[in-house]
Structure formats: C-alpha cells, structure tokens
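# Tertiary structure, described
Each chain, written out:
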Amino acid sequence: PKDLFPILSYLSTRGKCRYCSGKIRSSYTWIEVVCGVLSIVDFLVFGISEDFILITSIGVFWVILAALEYHEHKLFTLIMTYIAGLAALMRVLHEHTLYDFFFSGFIMMFAALVIWKLSDVLAKRKTTIPPNYVWLALLTGLLLPLAYVPLAVGAWLVLWALMRSLFGVKTKSISLGLALYISLLSPHCAWLSGFILP
C-alpha cells in the first residue's frame, strides 16, 4: 500500500523500485502531476458539472495519448476513440446537434490530408500511411467548433516552438493538448475569452 500514493511514492523511493531498485521513468510521475493539476483547475472553473466530467476526462485521455506518443512514437487508436466519443458528448451537450461535430472534424481532417499530399508532391515521395498530424487535426475538429480553431492552432504553434527550442520535445500531441485545453477553457475564463470569436 505504501507504493500506491502518486508522486509521494516516487519521491520516497527516489525514482526506483523499492524491491528490485530498477529505475522508474519520471514521466509517470509527471503524468500524475498533470492529471492532478488538470482536475483541480477544472473543478475551480466548472465545479461539479457535466463540463467538469467531460473536459477532465478528455484531458486525462489526452495526457495518456501524448505520453504514449512521446514514449512509443505513435498514436493509439483506442485512446483517440475515447477522446472522440467524449468530444461528441460535449459538443452535443452544448450545441444540441451532431452536425457541427462531424462538420468541423471533416474540415480539419480534409485540410490535413491536403497538406499531407502537397508535402508528398513537394518532397517527391509517396507515403501511404497518414502522418500523426492528420489524426491530431481530426481530433481538433471534433473537439472544437471551427471558430475556436484559430486560437488552438496559434497557441499550438507557439507552444510547440517553445517546447522544441527549450526542452527538445518534438512530440506534437503534448503542445496540441495544452493548446486545445486553453481553447476549451476560453469561453469560461474572462481573460481568455477576448482571444476568440463570441
């Protein structure tokens, strides 16, 4: 039981297994820290509500998706499916229709597919497996109405450049997850709502 306390167990064992002294990745502790902070922020913004449950669940699944991409260098379909399902619930709760959910998802995926094929033509190559950014663009469209996409894309570009230059992190889903979270919170935070369309 003493090993089941997030963060504290990692610190008390100095990042090693208590029994075999094998090194434990610090990223697991960072995942616990980020999920804890996410839950606290969401509770302060939304209280106990449908938005709290849905946005916190989306955030936790996105943290898992980003961590797995960071370690395994691929996106996991099952986790993306959970995020898409939660996004559908959230969008229907607010917009009372599934049409906008599918429409913005289609537009974002179509734009990413065009970029993918243009990059293939310019680089004189032919790839058959869509790159990760196609699936991330689809998730962005499913999560956000099109009016919020410019904020998310702008925030993502800034965060991605900062993370790449300061920490050497090339994983796009980490910075995109933070940008999407900012976009999801923006209608609920006065200091963020000035950046997007009403």
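Everything numeric in this text was worked out from a predicted model, so none of it was measured. (Residues numbered from 1 in each chain as written. Predicted model: local features only at pLDDT ≥ 70, side-chain atom pairs only at ≥ 80, totals over all residues. Heavy atoms only, no water.)

### Points about the confidence of the model for the protein chain
Averaged over all residues, the pLDDT of the protein chain equals 87, while 95% of them reach at least 70. Scored below 50 in pLDDT, residues 191–198 makes nine contacts in the model with residues more than four places away or belonging to other chains. (pLDDT = per-residue confidence, 0-100. Contact = heavy atoms within 4.5 Å.)

### Comments concerning the environment of leucine 136
Along the chain, the position of leucine 136 falls in helix H6 (residues 132–143). Given a relative accessible area of 4%, leucine 136 falls into the buried group. As for leucine 136 and lysine 170, which are separated by 34 residues in sequence, their C-alpha atoms are 14 Å apart. (Helix = DSSP H or I, 4+ residues; strand = E, 2+ residues; numbered from the N terminus. Buried < 20%, exposed > 50% of the residue type's maximum accessible area, 1.4 Å probe, protein only.)

### Some words on helix H8 (residues 172–185)
With 14 residues, H8 ought to run about 20 Å at 1.5 Å a step, and its terminal C-alpha atoms sit 20 Å apart, in line with that. Of all the 14 residues making up H8, ten are buried; the element is thus mostly covered by neighbouring parts of the structure. Taken residue by residue, H8 has Ser173, Ser175, Leu176, Gly177, Ala179, Leu180, Tyr181, Ser183, Leu184 and Leu185 as its buried positions. (Expected span 1.5 Å × (residues − 1).)

### Focus on the pattern of salt bridges
Where charged atoms from two side chains of opposite charge come close, those side chains can pair. This model, assessed by the stated rule, comprises two salt bridges. Across the salt bridge formed by glutamate 95 and arginine 91, the nearest N and O atoms sit 2.8 Å from each other. On the criterion of helical spacing, the pair formed by glutamate 95 and arginine 91 is a turn pair, its members being four residues apart in helix H4 (residues 77–95). Note on arginine 91: relative accessible area 3%, which makes it buried. The closest approach of N and O atoms between aspartate 120 and arginine 125, which form a salt bridge, is 3.0 Å. Residue aspartate 120 is classed as buried on the basis of its relative accessible area, which comes to 4%. Under the relative-accessibility criterion, arginine 125 is labelled partly exposed at 45%. (Salt bridge = Lys/Arg side-chain N within 4 Å of Asp/Glu carboxyl O.)

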